[in-house]
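# Residue-level structural notes
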Amino acid sequence: MNLTDTFQAERPRLLSLAHRILGSLEDAEDAVQNTWLRAHTVQDEIENPAGWLTTVTARLCLDLLRASRRRGELPLLADALADQQLAADEEFLRREQVSRALMVLLDQLTPTQRVAYVLHDLFRVPFDEIAGVLDTTPTNAKKLASRARQRIAGASVVETAQTSDWRVVEAFLAAARDGDIDALVGVLAPDVVRTAAPELLPDGEAVTVHGHRAVAGEARLFADRVDVTIPMVVNGVPAAVLAPGGRPLARIMFDIVDGLITRLDIAPLVPTDQLGAPAQ
């Protein structure tokens, strides 16, 4: 099989790998295309085309991750992303059956941890090859993957006493997705307060909303956003994360008293937020 045929056969896998590392289909496609351009310049020197393509793709992705971290880039708000870009990311998640929660948790890792984890745990690349991508030893590559695995598996722990709060959070999100006003009112305290960062709201929307009927009515209007929101641990407590296309953009924190939500606070995610999967 010549290089062109090998690339075409490997391209879906390379795109999947790059997407898990970068969290963006557009960036993943650019990385894979740049890999192909580099392959043309050295094709006579490539002994293992499939392995070479994987290594170069991963290295390019690592460079992109490191560059974005050096620039201190924060996640873009949904309104700052083109609709077609988010739609493409959403379609890719569904087509490949990628966990939205996994993509959010991968974003919490360092660039080297993320590359090591994706290559080994998701794509079964041996540690000696991962070491080549990261310019380190196989032992260090194994440690990076192990640390990533630990962060993903146990990033936050929710006490048993709080498990009932998860049912409230999940019931709120389910009712909002369905536009079920009665179900929403049923999990909201009569005097509930919803606060939100202005940059997360459409123009003209109130920063603060009072009362269960008003909050329920508003939640129903934002069913499309709730549809890409998942229950997650945020800073050790039950919460929810808005992640269109798997991109973590904002968090919803809940105050829950006696099984009812008394306050919702919607704010952008910040680098200090500690995220984890809900306790099972």
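A short tour of the structure in this document, coming up. Everything numeric here is computed off the predicted structure, so don't read it as measured data. (Residues numbered from 1 in each chain as written. Predicted model: local features only at pLDDT ≥ 70, side-chain atom pairs only at ≥ 80, totals over all residues. Heavy atoms only, no water.)

## With respect to helix α6 (residues 111-122)
Relative to the 16 Å expected for twelve residues at 1.5 Å per residue, α6 spans 16 Å between its end C-alpha atoms, a close match to the ideal helical length. Counting buried residues in α6 gives ten out of twelve residues, a clear majority hidden from the surface. Residues of α6 that are buried: Pro111, Thr112, Gln113, Arg114, Val115, Ala116, Tyr117, Val118, Leu119 and Asp121. Just downstream of α6, Arg124 is the residue with a positive phi angle, here 55 degrees. (Helix = DSSP H or I, 4+ residues; strand = E, 2+ residues; numbered from the N terminus. Expected span 1.5 Å × (residues − 1). Buried < 20%, exposed > 50% of the residue type's maximum accessible area, 1.4 Å probe, protein only.)

## Side note on the pattern of salt bridges
All told, the structure shown has twelve salt bridges when counted by the stated rule. For Arg100, the salt bridge is made with Glu90, and the minimal N-O distance between the two is 2.6 Å. Residue Arg100 is found in helix α5 (residues 100-106), and its partner Glu90 is found in helix α4 (residues 83-96); the two are separated by ten residues along the sequence. Of the charged contacts, one joins Arg114 and Asp107 as a salt bridge, the two residues approaching to 3.6 Å between their closest N and O atoms. Its relative accessible area of 1% is what places Arg114 among the buried residues. Shared partners join several salt bridges into a network, and the residues in it are Glu90, Arg94, Arg100 and Asp227. (Salt bridge = Lys/Arg side-chain N within 4 Å of Asp/Glu carboxyl O.)

## Brief notes about the packing of aromatic side chains
A complete count under the given rule lists two aromatic pairs for this structure. Here the aromatic rings of Phe7 and Trp36 are separated by 4.6 Å at their centres, their planes lie at 20 degrees, and the arrangement is stacked. Highlighted residues: Phe7 in helix α1 (residues 3-22) and Trp36 in helix α2 (residues 25-42), separated in sequence by 29 residues. Taken as a pair, Phe7 and Trp36 share a single burial class, namely buried. When the ring of Phe172 is compared with that of Phe254, the centres are 5.7 Å apart and the planes differ by 70 degrees; the resulting orientation is edge-to-face. Remark: Phe254 occurs in strand β5 (residues 250-257) and Phe172 occurs in helix α9 (residues 163-178); sequence separation between them is 82 residues. For the pair Phe172 and Phe254, a shared accessibility class is recorded, and that class is buried. (Phe/Tyr/Trp six-rings, centres within 6.5 Å; stacked < 30°, edge-to-face > 60°.)

## Brief notes about the side chain of Thr57
Relative to the elements of secondary structure, Thr57 occurs in helix α3 (residues 49-70). Apart from residues lying up to four places away in sequence, Thr57 is in contact with Leu14, Leu17, Ala18, Val32 and Thr35. (Contact = heavy atoms within 4.5 Å.)

## Brief notes about the nonpolar core
Formed by 55 residues in total, the largest nonpolar core has its most connected members in Ile21, Leu106, Leu119, Ile130, Leu134 and Val241. Looking at this core, the element that brings in the most residues is α1, giving eight residues. Those residues in contact with Ile21 that lie beyond four places of it in its chain are Ala58, Cys61, Leu65, Arg114, Val115 and Val118. The next biggest cluster of nonpolar side chains, apart from the first, holds 23 residues, and it includes Val168, Val169, Ala219 and Phe254. (Core = buried A, V, L, I, M, F, W, Y, C linked by side-chain atoms within 4.5 Å.)

## Here we look at the sheet that holds strand β2 (residues 208-210)
The seven strands are arranged β2-β1-β6-β5-β4-β3-β7 in an open sheet whose pairing can be described as mixed. Looking along the sheet, the strands with just one partner apiece sit at the ends: β2 and β7 (275-276). Across five bridges, strand β1 (residues 188-196) lies against strand β6 (residues 260-268) in parallel orientation. When the bridges of β6 are listed, Thr195 appears paired with Asp265. Strands in contact with α9 are β1, β3 (229-234), β4 (237-242), β5 and β6; relative to β3, the strand with the most contacts, it is inclined by about 160 degrees. (Pairing = 2+ DSSP bridges. Axes fitted to C-alpha atoms, helices over the stretch in contact; angles between N-to-C directions.)

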